[in-house]
Amino acid sequence: MSDTPARFPLRLARAPRKPLLFAAMAALIGLVGIGQSWSLALTIMNLCLISAIMTLGVNIQWGYAGLFNAGVMGFAALGGLAGVLVSMPPVGAAWRAGGAGVVLALAMGLVTIAAAMLVYRRLRRPASRKLAVALVVAAGYFAARALFEPAVRAIEGVDPSRTGYLGGFGLPVVLSWFAGGALAAGAAWAAGKISLGLRADYLAIATLGISEIIVAFLKYEEWLARGVKNVTGLPRPVPYEVDLQAAARFREWAESLGASPVELSSIVVKLCYAGLFALVLLVLMWLSEAALRSPWGRMMRAIRDNETAAEAMGKDVTARHLQVFVLGSAVVGIAGAMLATLDGQFTPTTYHPLRFTFLIWVMVIVGGSGNNWGAVLGGFMVWYAWVEAEPLGLWLMDLLTFPLGADHPLRVHLMDSAAHMRLVVMGVVLLLVLRFAPQGLIPEERR
Amino acid sequence: MEDIVNAVVLLTNFLVVPATAYGCQLALGALGVTLVYGVLRFSNFAHGETMAFGAMVTILFTWLLQYQGVTLGPLPTALLALPAGMAVTAGLCLLTDRWVFRFYRRSRAQPVMLLVVSVGVMFVLNGIIRFVIGPADRVFTDGARFLFTVRDFKAWTGLSEGLAIKTTQTLSVVVAIILVAALFWFLEKTRTGKSMRAFSDNEDLALLSGINPERVVAVTWLIVGCLAAVAGTLYGLDKSFKPFTFLSLLLPIFAAAIVGGLGNPLGAIVGGFVVAFSEVLLTYPYRKFLAYLGPEGWRPDGLVQFLSTDYKFAVSFFILVVVLLVKPTGIFSGRSS
Amino acid sequence: MSFLTGADLVGGYGGPDILRGCAIAAERGEITVVVGPNGAGKSTAMRALFGMLTLRSGSVRLGGEDITALAPQARARKGMGFVPQTDNVFRSMTVQENLEMGAFVRDDDISGTLDEVYGLFPALKDKRRQPAGELSGGQRQQVAIGRALMNRPRVLMLDEPSAGVSPIVTRELFERILDIAQSGVAVLIVEQNARQALELADKGYVLVQGRNRFTGTGEMLLANPEVRQSFLGG
Ligand SMILES: Nc1ncnc2c1ncn2[C@@H]1O[C@H](COP(=O)(O)OP(=O)(O)O)[C@@H](O)[C@H]1O
Ligand SMILES: [Mg+2]
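Just so it is clear, the model here is predicted, and its values are computed rather than measured.

A.B. asks: Before we move on, could you go through the overall build of chain C and cite the residues and values that matter?
C.D. replies: Secondary structure summary: chain C contains 10 helices and 10 strands in total. Taking 234 residues into account, the globule formula puts the C-alpha radius of gyration at 17 Å, and chain C, at 17 Å, falls close to it. For chain C, the spread of C-alpha atoms along the principal axes amounts to about 45 × 40 × 30 Å. Counting across all 234 residues of chain C, residues that qualify as buried make up 55%. For chain C, the accessible area works out to roughly 9,900 Å², and carbon and sulfur atoms hold 47% of it. Charged side chains in chain C number 26 positive and 26 negative. The centres of these two groups are separated by 4 Å.

Right under this line is the structure:
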């Protein structure tokens, strides 16, 4: 294969595209406000902001370094977990029932790892070394499980319909955004350690596996975050609608605007979220741009464009890749925590690879790999399309099948299935962009 | 003595038989992945959906046959519909190659680019499948359910532990053996098969030996489509057809292909069985088995299970990790770069 | 006009031009040798003659016919054989299968040619069921040449056939190549081992930075003091 960077052959005009495209995006959201409702427009916008942050994270990996992360879902889910662990109040009874056991089991796990490493260092003969390590790991695993299982049973027995888990630290939920980033970074470090430095596909497959396991873990480990029973009612970083409606000043303000207090309160709450999210996005954006312009960013792109040459110049490609992979995943984790905050709940069953991994990929590619503004725009556009495609598809299908008559079985089937068409649309968009405008909406700037 | 026989029968019934059937299905899936990798040099993320597509087409033809009153007696009607499923899926593969993959192959894009492209194909196929057949669970097995039942077995042997073999399990094994034998005969003995291996081994040298790359690629997709349709149908017959399970099958399939050595067909088969057996071995509760072997009247306290079945997929992942750490080229030394 | 001619070849791998107007011609029944320093573009010129490189300008003719636009497979069908410098066998395939692949474009019975190749390289016959990747360097080179001969080529191009092969084996290899040329094949060899190769050359080229520097009969080049000074180590 030739080493020429054939990935970005087409150069699109660099006219004032950027502001134009963002203005168009704003207009599209405005259209929802006028056509449907402002509350819905804000809901869409908040999710657009979160999508944009996730896309930014994936773009750091793909656009800066050419790494394919097929585990976005898992890192986002870890962010959600952080939302629970940071913000929910600790469940004292559960801690008393099994906290010690769980902590002991975790300690046992760490001891096992340490012992395995020690054995590995001490023994020289490869055969006996492998056997000994395997034995130590097996013994440690069963010992940890012996401690772990009764503790888990005890914890999950504590008021199972309302708690049945250890709870969190009862800290402000905004802190979970940092924690989510840290959790995701940790998982990414482990995944990267294993699979970076091998061929590119291995990273994709390893991350796919890690994300499946993370989500399975979150579904089935009820002692941690209630699993499929979900954690609802995460504390909010913004006021509650009912509190606003109860405040006299707010009601007066609503009256002076001529709006109903109920509707206005919902809009104000969503605006508060939007403000917070936009702040995070701006900070991350600023950091990403600074990183991209720094010598570090230049080096990353040099590595991406010609790995062999960079390696020949003495760059430790694998170490740089690990760095960028951890950073990008951390950003995804932050977005995941923000999503749980916005939802006010953590529901492991909603993490689906098409929605959380591959849709994000469409955002990155459509927006423009390697360009942070492109990534943000891609996040907005694709999320908007994803949400609005459903009513649009239904409407279109209704129109198309109308001549068939209301109860025609084909019409019923098509109407039921219209929602799935958006998957096809997303796939086709991805393929078309890759083929005909591989630089995306906002191409990478060659500095 | 009888206890030991009972213990063996128990393991056979709950472990060996299901794992063998599952291993056959995984092996067929991994063969498809490994062939695409060997010839086209990318990991095809759309392969799970291709399997689902093949199963879907087979189901549609099965319904058509059933509707017209055609059945196969004790065998599932789906067997009769399978050739149609294979043909349509092979056609689909050729079409996606023509419309999508060929462009990147000709421009000699990096493999990871093709991987991203295959994600797009995955999306489209996923949407089409849900659109056509819906996201619900479909059971399309008909005919006799069992080759022999637990009751038959107990009557023959007089043992207290039973053994049953499902028709679909037998079918998985028989069809897989036939298909794999045909594939290896093709690869080892025919000129076209050899040219495929040559192309996979050394593309440049194949070109200057006069081998036509487009033909090799087309034949590969043809085979991959057929394999995917069969693998998807067998899996669907044995378990049930649910569109979204095929996305999660990607992981064990890739694990099988990598464990055996990406690009190596024999490795893919061995890898399929390694993954299937590890999955079942590690998630099977050994309580009853140990009770047979231990002293009279004794039973272990817990289930004696290494891992809860919830973490089935974790097993393939751990195998994958071990292989990546110990021998990244896989057991049979596939390509690592 | 020679049997195989590459004229004014200009091109490279997408970056700067590697070939800058070099010209190479080979005659049937003769051995033509190309020598030159490392990185001169000798291998690139071979690839260009075989159509594995997009040329920016220049033409390739075979037996008077313009084949510049043909794909490598088509050139193989026209009777060209090429043994690349590296990766010149199918490692995972047996010796016999390697030879069969060499005859891929033929539709007639190949058993006669197979016997001829085994006659030329008897060591291969015993190893015909072994994967080519497991053979020694010299035998691997024999498989590579045998593979190219299976097509009964009218032109045989060899890129550094003596690389990684012991001197004794090299001498024998060159003798076989002489036999091949005498059977009427146009042989074109690229060699690092310049002195030994030029000794059996009917014609020689010295390539430097993608251009012809010297051209002449083997003896003339060996006698030329400038060539001796710069390329044959005195
Ligand atoms: N596949 C390739 N891609 C890019 N550049 C190449 C490639 N192969 C060779 N080159 C470059 O072309 C030049 C000539 O190489 P080559 O023809 O192999 O020289 P020679 O065979 O005379 O030693 C060298 O500078 C080399 O770096
Ligand atoms: Mg060379």
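Still more to cover.
A.B. asks: Which residues make up the sheet that holds strand β5 (residues 65–66) of chain C, and what values go with them?
C.D. replies: All names here are of chain C. The strand order across the open sheet formed by four strands is β2-β1-β4-β5, and the pairing between neighbours is antiparallel. The open sheet terminates on both sides in strands that have one partner only, identified here as β2 (17–26) and β5. In the packing of helix α1 (residues 42–49) onto the sheet, the strands contacted are β1 (4–12), β2 and β4 (55–62), and the crossing angle to β2 comes to about 65°.

A.B. asks: Would you mind going over the packing of helix α11 (residues 265–283) of chain B against helix α13 (residues 312–326) of chain B in detail, with residue names and values included?
C.D. replies: Residue and element names in this part refer to chain B. Packing of α11 against α13 leaves a shortest axis separation of 9 Å and a crossing angle of 130°. Classified by the angle between their axes, α11 and α13 sit oblique to one another. In this structure, α11 crosses over α13, and the sense of that crossing is right-handed. On α13, the residues touching Val274, Val275, Ser278, Glu279, Leu282 and Thr283 of α11 are Lys312, Val315, Ser316 and Ile319. Tallied by class, residues from the contact of α11 with α13 come to five nonpolar, three polar and two charged.

A.B. asks: So what about the site of ligand 1? Which residues, and what values?
C.D. replies: Residues and elements named next belong to chain C. The full set of residues close to ligand 1 is Tyr13, Ile18, Pro37, Asn38, Gly39, Ala40, Gly41, Lys42, Ser43 and Thr44. At 3.2 Å from an oxygen atom of ligand 1 is found a main-chain nitrogen or oxygen belonging to Ala40. Here the shell around ligand 1 takes three residues from α1, the largest share from any one element.

A.B. asks: Give me the interface of chain B and chain A: which residues, what numbers.
C.D. replies: Listed as interface residues are 54 residues of chain B and, on the opposing side, 51 residues of chain A. Contact with chain A buries area across many residues of chain B, yet B:Phe123, B:Phe131 and B:Tyr311 alone supply 16% of it, more than any other trio. One can count zero salt bridges joining chain B with chain A. Going through the elements one at a time, α3 (78–106), α4 (111–133), α10 (245–260) and α13 of chain B are the ones with two or more residues in the side of chain B that touches chain A. The dominant element in the side of chain B that touches chain A, judged by the number of residues it contributes, is α4(B), at 18 residues. In the side of chain B that touches chain A, the residues fall into 40 nonpolar, nine polar and five charged.

A.B. asks: Describe the packing of α3(B) against helix α9 (residues 213–238) of chain B, and please don't skip the residues or the numbers.
C.D. replies: All names here are of chain B. Where α3 contacts α9, the axes come no closer than 7 Å and their chain directions differ by 135°. On the basis of the axis angle, α3 is oblique to α9. The two elements α3 and α9 cross, and the hand of that crossing is right-handed. Classifying every residue of the contact of α3 with α9 by side-chain character gives 15 nonpolar, four polar and five charged.

A.B. asks: Residues and numbers for the coordination of the magnesium ion (ligand 2), please.
C.D. replies: All names here are of chain C. Taken together, Ser43 (OG) and Gln85 (OE1) make up the protein donors of the magnesium ion (ligand 2), found 2.0 to 2.2 Å from the metal. Linking Ser43 in helix α1 with Gln85 in the loop between β6 (80–83) and α3 (95–102), this pair joins segments that are 42 residues apart in sequence. Looking at Gln85, the relative accessible area reads 32%, which means it is partly exposed.

A.B. asks: Which residues make up the side chain of A:Asn372, and what values do they have?
C.D. replies: All names here are of chain A. Relative to the assigned elements, Asn372 resides in helix α16 (residues 372–401). Judged by its relative accessible area of 0%, Asn372 is buried. A distance of 3.2 Å separates polar atoms of two side chains, one belonging to Asn372 and the other to Asn59. Discounting chain neighbours no more than four positions away, the residues touching Asn372 are Leu56, Asn59, Tyr64, Met285, Ser288, Glu289 and Leu292.

A.B. asks: Tell me about the sheet that holds strand β9 (residues 203–208) of chain C, residues and numbers included.
C.D. replies: All names here are of chain C. Ordered in space as β6-β7-β8-β3-β9-β10, the six strands form an open sheet in which the pairing is mixed. Because the sheet does not close on itself, it has two edges, and the strands there are β6 and β10 (211–216). Sheet twist, expressed as the mean angle between neighbouring strand axes with direction ignored, is 15°. Pairing of β9 with β10, which is carried by five bridges, proceeds in the antiparallel orientation. From the neighbouring strand, Val206 faces β10, where its bridge partner is Phe214. Of the strands in this sheet, β6 and β7 (155–159) touch helix α6 (residues 137–149), which is tilted by about 165° from β6.

A.B. asks: Any chance you could break down the domain arrangement of chain A for me, citing the residues and the numbers?
C.D. replies: Residue and element names in this part refer to chain A. The domain architecture assigned to chain A consists of domain 1 (24–29 + 38–90 + 167–436) and domain 2 (91–166). A C-alpha centroid distance of 33 Å is found between domain 1 and domain 2. The interface is formed by 14 residues belonging to domain 1 together with 15 residues belonging to domain 2. Surface buried jointly by domain 1 and domain 2 totals about 1,000 Å² across both partners, of which 54% is contributed by carbon and sulfur atoms. When residues of domain 1 are sorted by the area they lose upon contact with domain 2, Gly167, Trp223 and Arg226 head the list and together hold 62% of the total. Across the domain 1-domain 2 interface, the total number found is zero salt bridges. Here domain 1 is connected to domain 2 by nine residue pairs in polar contact (both at pLDDT 80 or more). Considering each element in turn, the side of domain 1 that touches domain 2 owes the most residues, four residues, to helix α8 (residues 222–225). A per-class count over the side of domain 1 that touches domain 2 returns eight nonpolar, two polar and four charged.

A.B. asks: Tell me what's going on with the domain arrangement of chain C, and back it up with residues and numbers.
C.D. replies: Residue and element names in this part refer to chain C. Segmentation of chain C into domains returns domain 1 (4–79 + 153–231) and domain 2 (90–151). On a C-alpha basis, the centres of domain 1 and domain 2 stand 23 Å from each other. Across the contact, 16 residues belong to domain 1 and 11 residues belong to domain 2. Of the roughly 1,100 Å² buried between domain 1 and domain 2, counting both surfaces, carbon and sulfur atoms make up 73%.

A.B. asks: Report on the state of the cysteines, specifying residues and quantitative values.
C.D. replies: Chemically, a disulfide is nothing more than a covalent bond linking the sulfur atoms of two cysteines. Residues and elements named next belong to chain B. Enumeration over the complete set of coordinates arrives at zero disulfides over all chains. Of all cysteine sulfurs, the one in Cys226 lies closest to Cys93, which takes part in no disulfide; the gap is 8.5 Å. Its relative accessible area of 3% is what places Cys93 among the buried residues.

A.B. asks: Describe the pairing of β2(C), listing the residues and the values that go with them.
C.D. replies: Residues and elements named next belong to chain C. With seven bridges connecting them, β1 and β2 associate as antiparallel partners. Among the inter-strand pairings, Gly6 is bridged to a residue of β2, identified as Ile24. Linkage of β1 to β2, two consecutive antiparallel strands, is achieved through a turn of four residues, within which Gly14 is found at a positive phi near 105°.

A.B. asks: Explain the pattern of salt bridges residue by residue, including any values.
C.D. replies: One pass over the full model with this rule turns up 28 salt bridges over all chains. With its nearest N and O atoms 3.0 Å apart, the salt bridge here joins A:Glu149 to A:Arg145. Highlighted residues: A:Glu149 and A:Arg145, both in helix α5 (residues 126–156), separated by four residues, approximately one helical turn. For A:Glu149, a relative accessible area of 34% puts it in the partly exposed group. Members of the salt-bridge network, linked through shared partners, are B:Asp97, B:Arg105, B:Arg106 and B:Glu214.

Rules and cut-offs
Residues numbered from 1 in each chain as written. Chains lettered and ligands numbered in written order. Predicted model: local features only at pLDDT ≥ 70, side-chain atom pairs only at ≥ 80, totals over all residues. Heavy atoms only, no water. Helix = DSSP H or I, 4+ residues; strand = E, 2+ residues; numbered from the N terminus. Rg over C-alpha atoms; globule rule 2.2 N^0.38 Å. Buried < 20%, exposed > 50% of the residue type's maximum accessible area, 1.4 Å probe, protein only. Areas by Shrake-Rupley, 256 points an atom, 1.4 Å probe, with all protein chains shown as cover. Lys, Arg positive; Asp, Glu negative; His and termini not counted. Charge placed at Lys NZ, Arg CZ, Asp CG, Glu CD. Pairing = 2+ DSSP bridges. Contact = heavy atoms within 4.5 Å. Axes fitted to C-alpha atoms, helices over the stretch in contact; angles between N-to-C directions. Parallel < 35°, antiparallel > 145°, perpendicular 65-115°, else oblique. Left-handed = near helix turned anticlockwise from the far one by under 90°. Nonpolar A, V, L, I, M, F, W, Y, C, P; charged D, E, K, R; others polar. Near = heavy atom within 4 Å. Polar contact = N/O pair within 3.5 Å; in protein donor to acceptor, adjacent residues only side chain to side chain. Buried area = accessible area lost by both parts, 1.4 Å probe. Salt bridge = Lys/Arg side-chain N within 4 Å of Asp/Glu carboxyl O. Donors = N, O, S within 2.8 Å, 3.2 Å for Na, K, Ca; no water. Domains from an automatic or database assignment. Disulfide = S-S within 2.5 Å.

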